[in-house]
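Close look at the chain arrangement
Now for the letters of each chain:
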Amino acid sequence: MSIFASIFCPKIRHTRLTENMEIKDKVFEKFIEGNDIAKRIKAIAKSINMDYNGKSPLFIAILNGSFMFAADLMKEVDISATISFVKVASYNDMESSGNVKQLIGLAEPIFQKDVIIIEDIVDTGRTIKKILNEFTSLGAKSVEVASLLRKPLASSADVNIKYLGFDIPDKFVVGYGLDYDSLGRNLKDIYQLKV
């Protein structure tokens, strides 16, 4: 290994025999297979196609974590639709900070539009609640949420997730767009922190 590789390449190691993934100082175990994710996305898209038949919704994906979910979902949506991307940060290291920062990048007018927010994970529910309130105040005709994952604490935020992939326990997850310290987004499966 060259000196550049040892300095500039972060540590990610996948052990196929144990289905574990080591990222930096943490070990994660396989939690949701890529094939199961694909099946759920097809089911979500089918519901959206039925619910928005004859309409043209605007999908708004929350970056960075939702980019894989958004891409795969849009491949399965067969109605007339557009997509835009915004960014909001509320994570520090491995926990939601609860401090929702300003929404960045909303270039599309949403007045009188049917909006579907695409989120990777609803953890505490604070971020998605702020986004829902902001979009409603901007005059969206309707606003719904499609989230790949939801943790138990999100139910206390009183947020309706109409299109949900999986309810998961309150463990940190990585892969399929989700990261640990900016690493692991490219994994096709979802891994959870091994205790």
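Up top is the structure.
Here's a quick rundown of the structure.

The rules behind the values
For every chain, the first residue of its written sequence is number 1, and the numbers climb from 1 along that sequence. This being a predicted model, a pLDDT of at least 70 is required before a residue's local features are given, and a value of 80 or more before pairs of side-chain atoms are given or counted; all residues contribute to the totals for chains, interfaces and linings. Side-chain metrics in this entry use all non-hydrogen atoms of the structure; hydrogen atoms and water are not considered. Starting at the N terminus, helices and strands are each numbered in turn, a helix being any DSSP run of H or I of at least four residues and a strand any DSSP run of E of at least two. Distance and chemistry together define a polar contact, namely a pair of N or O atoms within 3.5 Å, with one atom able to donate a hydrogen and the other to accept it when in protein, and with adjacent residues in sequence counting only for side-chain atoms on both sides. Any two strands between which DSSP finds at least two bridges are classified as paired. The convention used is that axes are lines fitted to C-alpha atoms, helices contributing only their stretch in contact, and that angles between N-to-C directions extend from 0 to 180 degrees. Only heavy atoms matter for contacts: two residues are in contact if any of them lie within 4.5 Å across the pair. For the purposes of this section, nonpolar cores are sets of buried Ala, Val, Leu, Ile, Met, Phe, Trp, Tyr and Cys residues that join through side-chain atoms within 4.5 Å. Remark: exposure states derive from per-residue accessible area (1.4 Å probe, protein chains only) relative to the maximum for the residue type, with buried under 20%, exposed over 50%, and partly exposed in between.

1. Overview of the side chain of aspartate 189
With respect to the helices and strands, the residue aspartate 189 is situated in the loop between β11 (173-174) and β12 (190-193). In this structure the side chain of aspartate 189 is engaged in a polar contact, spanning 3.3 Å, whose partner is the side chain of lysine 30. Of note is the side chain of aspartate 189, whose polar atom sits 2.6 Å from the backbone nitrogen of glycine 34.

2. A closer look at the sheet that holds strand β9 (residues 142-150)
Ordered in space as β5-β4-β8-β9-β10, the five strands form an open sheet in which the pairing is parallel. Edge positions in the sheet fall to β5 (82-87) and β10 (163-167), since each of these pairs with one other strand and no more. On average, each strand axis in the sheet is inclined to that of its neighbour by 25°, with strand direction left out of account. Inspection of the sheet shows strand β4 (residues 58-63) paired to strand β8 (residues 114-122) by four bridges, in the parallel sense. Bridging from a neighbouring strand, leucine 58 pairs with valine 115 of β8. Each of β4, β8 and β9 is contacted by helix α4 (residues 126-137), which is oriented at about 170° to β8, the strand it contacts most.

3. Regarding the nonpolar core
Ile48, Leu73, Leu149 and Ile190 are the most contacted members of the largest nonpolar core, which has 28 residues in total. Every element with two or more residues in this core is listed here: α2 (34-51), β4, α3 (67-76), β8, β9 and β10. Looking at this core element by element, the count peaks at five residues for α2. Excluding residues that lie within four positions of it along the chain, leucine 149 makes contacts with Ile32, Asp120, Ile121, Val122, Leu164, Phe166, Ile168, Val173, Leu178 and Ile190.

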